Amino acid sequence: MDEAGVDRAVASVNAVIAGALIGRDAIDQSAVDVALIALDGTPNKSRLGGNATIATSLAVLDAAARHAAMPLW
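Please read these numbers as outputs of a predicted model, since none were measured by experiment.

1. A closer look at the overall build of the protein chain
When its secondary structure is counted, the protein chain shows three helices and zero strands. Sequence-ordered secondary structure for the protein chain, helices as α and strands as β, is α-α-α. C-alpha atoms of the protein chain, sized along the principal axes, occupy 35 × 25 × 20 Å. Scored against the burial criterion, the 73 residues of the protein chain give a buried share of 25%.

Put into structure tokens, the structure is as follows:
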């Protein structure tokens, strides 16, 4: 990913995704992923970007596992 792509992904997370996920239960990964898909609203993740959505999903997964003191696997 080039620098512009990274900047776009970070902007999507900061401007749109973060606000939509604050207050959600990170343990419910399925609900987080459904919310990310709905938030993007496109069939190919072109609004927020696939990199931003997958990175956010994985970050939530990691945070939930750490909170539960469990490994990711």
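So much for the structure itself; the text now carries on.
2. Structural notes on the side chain of D40
Within the element layout of this structure, D40 appears in helix α2 (residues 29-40). The side chain of D40 sits in the buried core without any salt bridge; K45 is the nearest counter-charge, 5.6 Å away. A polar atom in the side chain of D40 sits 2.7 Å from the backbone nitrogen of L48.

3. Some points on helix α3 (residues 50-67)
A rise of 1.5 Å per residue sets the reference length of α3, with its 18 residues, at 26 Å; its end C-alpha atoms lie 26 Å apart and thus fit the reference within 8%. Along α3, the residues that are buried comprise A52, T53, T56, S57, V60, A64 and A65. Buried residues along α3 sit against α1 (3-21) and α2. In the segment just after α3, A69 is the residue with positive phi, at about 55°.

Criteria and cut-off values
Here the residue numbers are simple positions, counted from 1 along each chain's written sequence. Since the coordinates come from a predicted model, pLDDT governs what is reported: local features require at least 70, and pairs of side-chain atoms require 80 or more to be given and counted, while whole-chain, interface and lining totals use all residues. Here the side-chain values reflect all heavy atoms present in the structure, with hydrogen atoms and water set aside. Runs of H or I in DSSP of at least four residues are treated as helices and runs of E of at least two as strands, each being numbered from the N terminus. Remark: exposure states derive from per-residue accessible area (1.4 Å probe, protein chains only) relative to the maximum for the residue type, with buried under 20%, exposed over 50%, and partly exposed in between. Counted as positive: Lys and Arg. Counted as negative: Asp and Glu, with His and the chain ends omitted from the count. Here, a salt bridge means any side-chain nitrogen of Lys or Arg that lies within 4 Å of a carboxyl oxygen of Asp or Glu. Two N or O atoms count as a polar contact when they lie within 3.5 Å, although within protein this holds only if one can serve as hydrogen donor and the other as acceptor, and sequence-adjacent residues are included solely when both atoms are side-chain atoms. Between the first and last residue of a helix there are one fewer steps than residues, each counted as 1.5 Å, and that sum is the expected span. Whether two residues touch is decided by their heavy atoms; if any such pair falls within 4.5 Å, the residues are in contact.

Any link to function would need more than the numbers given here.
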